Amino acid sequence: MSDSSAKGLHPRTQAVHHGIRRSQYGEMAEAIFLTQGFVYDSAEQAEARFKGTGPDEFIYARYGNPTSRMFEDRIATLEGTEDAFATASGMAAVNGALFSMCKPGDHIVAARALFGSCLYVLDLLAKFGVEVSYVDGTDLDQWQAALRPGTRAVFFESLSNPTLEVIDIEGVARLAHAVGALVVVDNVFATPVFSRAVDLGADVVVYSATKHIDGGGRALAGVICGTRQFVREVAEPYLKHTGGAISPFHSWLMLNGLTTMDLRVRAQADTALTVAQALQGHPALSRVIYPGLADHPQHDLAMRAMGSGGTMIAFEVAGGKDAAFAALNRLEIVRISNNLGDAKSIVTHPATTTHQRLSDEDRAYLGITPGLLRLSIGLEDAQDLIDDLTWALDA
C-alpha cells in the first residue's frame, strides 16, 4: 500500500495493511527476512548499495531489513510522521534519539517525572557535557523559565511514569519552538491509539514497542518516529553504528501486534476507567490516580488531547510499603511484574523497582510514595479484576 493511498484510511485499517512488502511468492502474511546480510548481483551493485541509493536496498541487518522496514513504515503512518527507525528496545530508542542529536555544550530541558532508565540516560548526557535542566512537566511557567535561545531539545513523557501526570504537549511545544528546540516525546503510556503527539507539536516521538504495540509480553522493541531528515540523517547513523537496531523476528512480532493494537488498547482503557471508578473510595486507599477520572488534576487536558484516560492506573495504599506488599501478595489474577501494556494485568511497586535508584527526596517530590502501586490493565473481564483487587485490599 503506497503512502498516498494509506493517508486516506482510518488508523485501524492502516495498522493491518500499510507497508507490506511481498516477495516473489506473494505471501499474504508479512514475511520474516531472517538474514544478517544480503547478496549483491555485482561489485558495482554492492558499491551502489553502500552509497545508500534507495529505501529498499539493504546491506546488513544492523542497518536495515525488509521486515523491520515494514514495521517502520507502518508505525510512521500511524504516528503521522515521515519516517521511523526501529530499535532493539524502548530505551535504545530514547538513548538513540537524545544522544544522536546532542553534543557537549548543548542544553536539554526535561520533565522531572520520568522512568528511571530515562533519568539514567539524561545523567549520561550530563557526564558527556550536555547541560540538563529539570522542571515540573505540568507547569508551563517552569518550562518557560528553563528554556533559552539555543536550547537543543525538550524531553518528557506525555503521561508520566508512574504518577500519570498529563503534559500539555501543545503548550510545551509552542514554548520550545520559540527558542528553536526540538520536542522529543516519550509516548508509551498514551499509546499511538490515543495520542497524536506530532499533531500537537512534537518533532520526535519514541516508543517502547515492548508495551502496547506488541501487547503480549513477548519481545523487546522500540521505535523513533520523526521527519525523514532526523530519522535517516541523525538517528539512524548513530544507531546502526552503535548496534541498537531491532531483530527481524521482533519486527515481525511488532507488525502482528499493530494489527490488533487499536482494538486491544481501547478495550483496556474502557476497563481501566471501570476499575478506577470501582477503586475510588476504598478504605484501604488514600488516593486513586487515573486521568479519566474527573478529580484528576489534568482530566480536562487528557480528554482534549487523548479522549481517554488510557490503560494505566496508579493508587496509593494508605498503610505504606508493608500494606502495599501485603495487597500485592494476595492478588491472584493481577500479576506482579514491571512490564505494562500487556494482555495480562500487571502491578508494580515503583519505589522498590522501576524508581528505586532515586533518592527518598526525589521520590517524595514526584509523589512516588512507599504505598504507591502502578497498575497496567490487561484484557481480562473488568469485574474479575475488580474482585481480585478489592479482595486483596480488603485484607
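Computed from a prediction, not measured in an experiment: that's the story for all the values here. (Residues numbered from 1 in each chain as written. Predicted model: local features only at pLDDT ≥ 70, side-chain atom pairs only at ≥ 80, totals over all residues. Heavy atoms only, no water.)

1. Describing the pattern of salt bridges
Turning to step 1, where the next piece is worked out: Under the counting rule described, the total for this entry stands at 19 salt bridges.
Turning to step 2, where the next piece is worked out: In this structure, R74 engages E30 in a salt bridge whose closest nitrogen and oxygen atoms are separated by 2.9 Å. One end of the pair, R74, is in helix α4 (residues 66–79); the other, E30, is in the loop between α2 (11–17) and α3 (43–50), and 44 residues separate them in sequence.
Turning to step 3, where the next piece is worked out: When its relative accessible area of 0% is taken as the criterion, R74 is described as buried.
Turning to step 4, where the next piece is worked out: Among the ionic pairs, D83 bridges to R228, the shortest N-O distance being 3.6 Å. Note that D83 is positioned in strand β1 (residues 83–87) and R228 in helix α10 (residues 228–242), a separation of 145 residues in sequence.
Turning to step 5, where the next piece is worked out: D83 gets classed as buried once you look at its relative accessible area, which sits at 2%. (Salt bridge = Lys/Arg side-chain N within 4 Å of Asp/Glu carboxyl O. Helix = DSSP H or I, 4+ residues; strand = E, 2+ residues; numbered from the N terminus. Buried < 20%, exposed > 50% of the residue type's maximum accessible area, 1.4 Å probe, protein only.)

2. Quick look at α10
Turning to step 1, where the next piece is worked out: With 15 residues, α10 extends 20 Å between its outermost C-alpha atoms, agreeing within 8% with the 21 Å of an ideal straight helix rising 1.5 Å per residue.
Turning to step 2, where the next piece is worked out: When the local axis directions of α10 are compared, the greatest deviation, roughly 45°, occurs at E236, which is followed within four positions by the proline P237.
Turning to step 3, where the next piece is worked out: Of the residues making up α10, those classed as buried are F230, V231, V234, A235, E236, L239 and K240.
Turning to step 4, where the next piece is worked out: The positive-phi residue at the C-terminal boundary of α10 is G243, with phi of around 90°. (Expected span 1.5 Å × (residues − 1). Bend = angle between axes of the 7 residues up to and from the residue.)

3. Focus on the UniProt feature "modified residue: N6-(pyridoxal phosphate)lysine" (unreviewed entry) in the chain
Turning to step 1, where the next piece is worked out: UniProt tags K211 as "modified residue: N6-(pyridoxal phosphate)lysine" (unreviewed entry).
Turning to step 2, where the next piece is worked out: Relative to the assigned elements, K211 resides in the loop between β6 (204–208) and β7 (222–226).
Turning to step 3, where the next piece is worked out: The contacts of K211, once residues within four sequence positions are left out, are V188, N339, L340 and G341. (UniProt positions renumbered as here; feature names shortened; annotations may be inferred. Contact = heavy atoms within 4.5 Å.)

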